[in-house]
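Structural features, examined
As a plain string of letters, each chain reads:
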Amino acid sequence: MDAMEAAGISVIIGTPTYAVPTWMAKAHPEVMAVTNEGRNGYGFRQLMDITSPTYLFYAERVIRELMKVTAHRKCVIGFQIDNETKHYGTAGPNVQQRFVKYLREKFHDDLYALNREFGLDYWSNRLNAWEDAVDVRTACNASVRAEFEKFQRLLVTEFLLWQADIVNEYRREDQFITHNFDGEWRNYSYGIQSDADHFQEANAVTVAGFDIYHPSQDLLTGKEIAFGGDIARSLKGGDNYLILETQAQGYINWLHYKGQLRLQAYSHLSEGANSVMYWHWHSLHNSVETYWRGILSQDFEENDTYREVCRIGKEFAEKGDHLVNLKKKNDVAVLVSNPSLTALKYFPVEFPQEMHGIQYNDIFRWMFDTLYDMNVECDILWPESENFEDYKVIVVPALYAAEDALLARLNRFVENGGHLVVSFKSGYSNENNKVRPAVQPGILHESLGIIYHQYTTPRDSVGLTGTVIGGGVHKARKFMELLIPHGAEVLASYDHYNWKEYAAVTKNHYRKGTATYVGTMVDEEVLANVFRGVLGEAGVDLSEEGSGVILHQGTNDYGKIVRYYLNYSAEEKKVLYRYGNAADVLTGEAVDSMSGFTVGAWDVRILEEQ
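Just so it is clear, the structure is predicted and the values come from calculations on it, not from any experiment. (Residues numbered from 1 in each chain as written. Predicted model: local features only at pLDDT ≥ 70, side-chain atom pairs only at ≥ 80, totals over all residues. Heavy atoms only, no water.)

**Structural notes on the overall build of the protein**
Helices and strands together make up the secondary structure of the protein, namely 15 helices and 29 strands. Computed over its C-alpha atoms, the radius of gyration of the protein comes to 25 Å, within 12% of the 25 Å expected for a compact globule of 610 residues. Taken over the C-alpha atoms alone, the protein extends approximately 70 × 70 × 40 Å along its principal axes. Looking at the protein as a whole, 57% of its 610 residues qualify as buried. For the protein, restricting intrachain contacts to residue pairs at least 6 apart in sequence, the fraction spanning at least 24 positions comes to 72%. With an accessible surface of roughly 25900 Å², the protein has 51% of that area assigned to carbon and sulfur atoms. Mean positive and mean negative side-chain charge positions of the protein (58 and 83 charges, respectively) differ by 1 Å. (Helix = DSSP H or I, 4+ residues; strand = E, 2+ residues; numbered from the N terminus. Rg over C-alpha atoms; globule rule 2.2 N^0.38 Å. Buried < 20%, exposed > 50% of the residue type's maximum accessible area, 1.4 Å probe, protein only. Contact = heavy atoms within 4.5 Å. Areas by Shrake-Rupley, 256 points an atom, 1.4 Å probe, with all protein chains shown as cover. Lys, Arg positive; Asp, Glu negative; His and termini not counted. Charge placed at Lys NZ, Arg CZ, Asp CG, Glu CD.)

**Quick look at the pattern of salt bridges**
The tally for this structure, following the rule as stated, stands at 39 salt bridges. Two residues, R137 and D135, come together in a salt bridge whose shortest N-O distance is 2.8 Å. Judged by its relative accessible area of 28%, D135 falls in the partly exposed class. One network of salt bridges, with partners in common, ties together D230, R233, E271 and D379. (Salt bridge = Lys/Arg side-chain N within 4 Å of Asp/Glu carboxyl O.)

**Description of empty space enclosed by the protein**
Think of a ball as big as a water molecule: rolled over the atoms, this probe shows where empty space is left. With the rule as written, the count across this model stands at two cavities of 30 Å³ or more. Of the voids in this model, the largest cavity is the one considered here, and its volume is about 80 Å³. In terms of lining, the largest cavity is formed by 13 residues, of which the most central are Y372, V376, E377, C378 and H552. Grouping the amino acids of the lining of the largest cavity by side-chain chemistry returns eight nonpolar, two polar and three charged. The space that makes up the second largest cavity amounts to roughly 50 Å³. Residue lining of the second largest cavity: I192, Q193, A196, H198, I231, N338 and W382, and that is the complete set. For the lining of the second largest cavity, the per-class residue count stands at four nonpolar, three polar and no charged. (1 Å grid on protein atoms, 1.4 Å probe; cavity = no way out; pocket = protein on both sides within 12 Å on 5 of 7 lines; lining within 4 Å. Points joined across faces, edges and corners; volume = space filled by probe spheres on them. Nonpolar A, V, L, I, M, F, W, Y, C, P; charged D, E, K, R; others polar.)

**Re the sheet that holds strand β29 (residues 604–609)**
Read from one edge to the other, the open sheet built from five strands follows the order β23-β24-β29-β26-β27, with strand pairing classed as antiparallel. Each edge of the open sheet is held by one strand with a lone partner, namely β23 (550–555) and β27 (590–591). Sheet topology places strand β26 (residues 582–584) next to β27; two bridges connect them, and they run antiparallel. Note on β27: the bridge partner recorded for A583 is A590. (Pairing = 2+ DSSP bridges.)

**Digging into the nonpolar core**
In terms of nonpolar packing, the biggest core is built from 172 residues, with L535 and Y564 touching the most fellow members. In terms of residue count, the dominant contributor to this core is helix α6 (residues 142–168) (10 residues). Contact partners of L535, with chain neighbours within four places excluded, come to V332, L371, M374, V376, V393, V540 and L542. Counting residues in hydrophobic clusters, the runner-up holds 11 residues, among them Y565, Y577, V599 and L607. (Core = buried A, V, L, I, M, F, W, Y, C linked by side-chain atoms within 4.5 Å.)

**Considering helix α9 (residues 260–270)**
Along α9, 11 of the 11 residues are buried, which leaves the element largely enclosed by surrounding structure. Where α9 is concerned, the buried positions are Q260, L261, R262, L263, Q264, A265, Y266, S267, H268, L269 and S270. Where α9 terminates, the next one or two residues include G272, which has phi positive at roughly 110°.

**Details of the environment of V522**
Inspection of the secondary structure assignment puts V522 in the loop between β22 (520–521) and α15 (524–538). Between the C-alpha atoms of V522 and A582, which are 60 residues apart in sequence, the distance is 40 Å.

**So, the packing of α9 against helix α10 (residues 304–319)**
In contact at an axis separation of 9 Å, α9 and α10 are set at 35° when each is read in the N-to-C sense. Relative to α10, α9 is oriented so that their crossing is right-handed. On the side of α9, the interface is formed by Q260, L261, R262, A265, Y266 and L269, while α10 contributes T305, E308, V309, R311, I312, E315 and F316. Class assignment of the residues belonging to the contact of α9 with α10 gives a composition of seven nonpolar, two polar and four charged. (Axes fitted to C-alpha atoms, helices over the stretch in contact; angles between N-to-C directions. Left-handed = near helix turned anticlockwise from the far one by under 90°.)

**Concerning the pairing of strand β18 (residues 477–485)**
With five bridges joining them, strand β16 (residues 450–456) and β18 adopt antiparallel strand pairing. Across the sheet, the residue bridging to T456 is M480, located in β18. In this structure, β18 lies alongside β22, joined through two bridges in antiparallel fashion. Its bridge partner being in β22, M480 is matched across the sheet by T520.

**Some thoughts on unusual backbone geometry**
With an omega of 5°, the peptide bond between W279 and H280 qualifies as cis. Inspection of the secondary structure assignment puts H280 in the loop between β11 (273–279) and α10. Here the amide bond leading from Q440 into P441 is cis, since omega sits at 10°, within 30 degrees of zero. The topology assignment puts P441 in the loop between β15 (419–423) and α14 (445–448). Positive phi is not limited to glycine here, since Q46 has a value of about 55°. Position of Q46 relative to the elements: it lies in the loop between β3 (38–39) and α3 (53–70). Of note in the backbone geometry, N187 takes a positive phi value of approximately 70° without being a glycine. Tracing the chain through its elements places N187 in the loop between β7 (184–185) and β8 (189–191).

**Observations regarding the sheet that holds strand β4 (residues 76–80)**
Spatially, β1-β4-β5 is the arrangement adopted by the three strands of the open sheet, whose pairing is parallel. The sheet is open, and its two edges are formed by β1 (11–14) and β5 (176–178), each paired on a single side. The average angle at which neighbouring strand axes cross in this sheet is 30°, direction not considered. Sheet topology places β1 next to β4; four bridges connect them, and they run parallel. The partner of I12 across the bridge, within β4, is G78.

Printed below as a string of structure tokens:
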């Protein structure tokens, strides 16, 4: 701490509760979580039971001791509570006892209501007394399993709020609390996190943080930076956020091409990030993450990554006042749902033919990535969000499990002039995974103007035909609902002798707005055609679509619009600047309205409107 203060380096203190020491596991084996596979053995981090009284006793002790010696230091600007926290599958007797109490509260001590709502009569799963509750880890009922996962996510929120309360006893008013939220991991950041509810957890922090990792070299697209940033920014109502971890060298196949690390850094800022921090400073010489490479390699010598970080830091220091605190106002939002993510794990989209087929996050990324490629910036909404009316367009991936009230809100959004785009597998069940005994897609059929009774998989490569299909051959993929329009316009139908009477994509004018339904997984080209029609009618600017670069924009502390032109390709791009006269933030070069300029390979131009 003395060295940091002497060097003028700001410090964020992280509570060390995500990795328990050997002596604790040895003296108190009960701190290790009991999961579906039994009690965890010691070794890897984050295998503990975050509800264990013994664990919490020692966690509180170390947090308090750490706060006593750090909170008063001038260099300490904030605190990070824990690390990428999840429930880690904790399902021991203590957790299950609490779950029974949770169910009793949810159903007001009415066992009949529980049995009816969860369908527990089936296969004799019925509970005749609360004491009959069986081990949730062996339950076959998806409603019970999904509710337990919801409960486990609540435990994570409870744990972080508990830590924040302790930190709040010590921190100064000018010190923040953050946490490094992270997404689903598929060897890189992929989608919405299933083992924590970030929207609820954000109540524990004053500033949201996020960890974003992604492929690089020829696979670098910026999409993971975009969706991670959109989530982080949306967690605190559009406030700026911190990138607490991202890659420097990372995996062996992530070593960036020249310019890519800088491009990535500015991509984070273009989303509203107020920091870019790398995991980690230098590559370790032993232990688990030996080959998760940092800024420096194990030799501690300067390298291309180090030199590029130096350039980034110099530019941030010189021009950061024009880039920090970027405020964004987007017209489009994507509604995400943890309950639907969980439900589609137990009832896969391609069930029962493909138990490992597409999942919720595949559908989320299918829709989000298509918008990204169209240069349409988005915010993220959750079912609890109150600001639906702030948007012209709401995109809804696979809202399988939802309360009646949420579906009614979406109908009202359209009724009041909003534009809705909904994917297949939406509106089907209530919040308890109980399929609605009504025409599908449930309450949403009012605004969508369609119904369906049956669905199947296009195993014989069903073709598509219609106004949004365009040229070439396009197929229905993975799943197909057999849509019957009730007032909706048919945008695409199935080109198959047995399914040709059914619609695949529809659009309905409902009161003041429109509702579009995509009943099968079309390819990205067709989905872009669907979006193009909706966004155009909604008045969303599409002038940058097809420009060859990604455009992100917002307003800086000087009240000026800043536009980032991000070139995620190995070729130089020529761009037509369509806005008011501007100056390049990094070079000072003037750029006139409707003039052209170039963006180099794996490079960025940042223009501030004058």
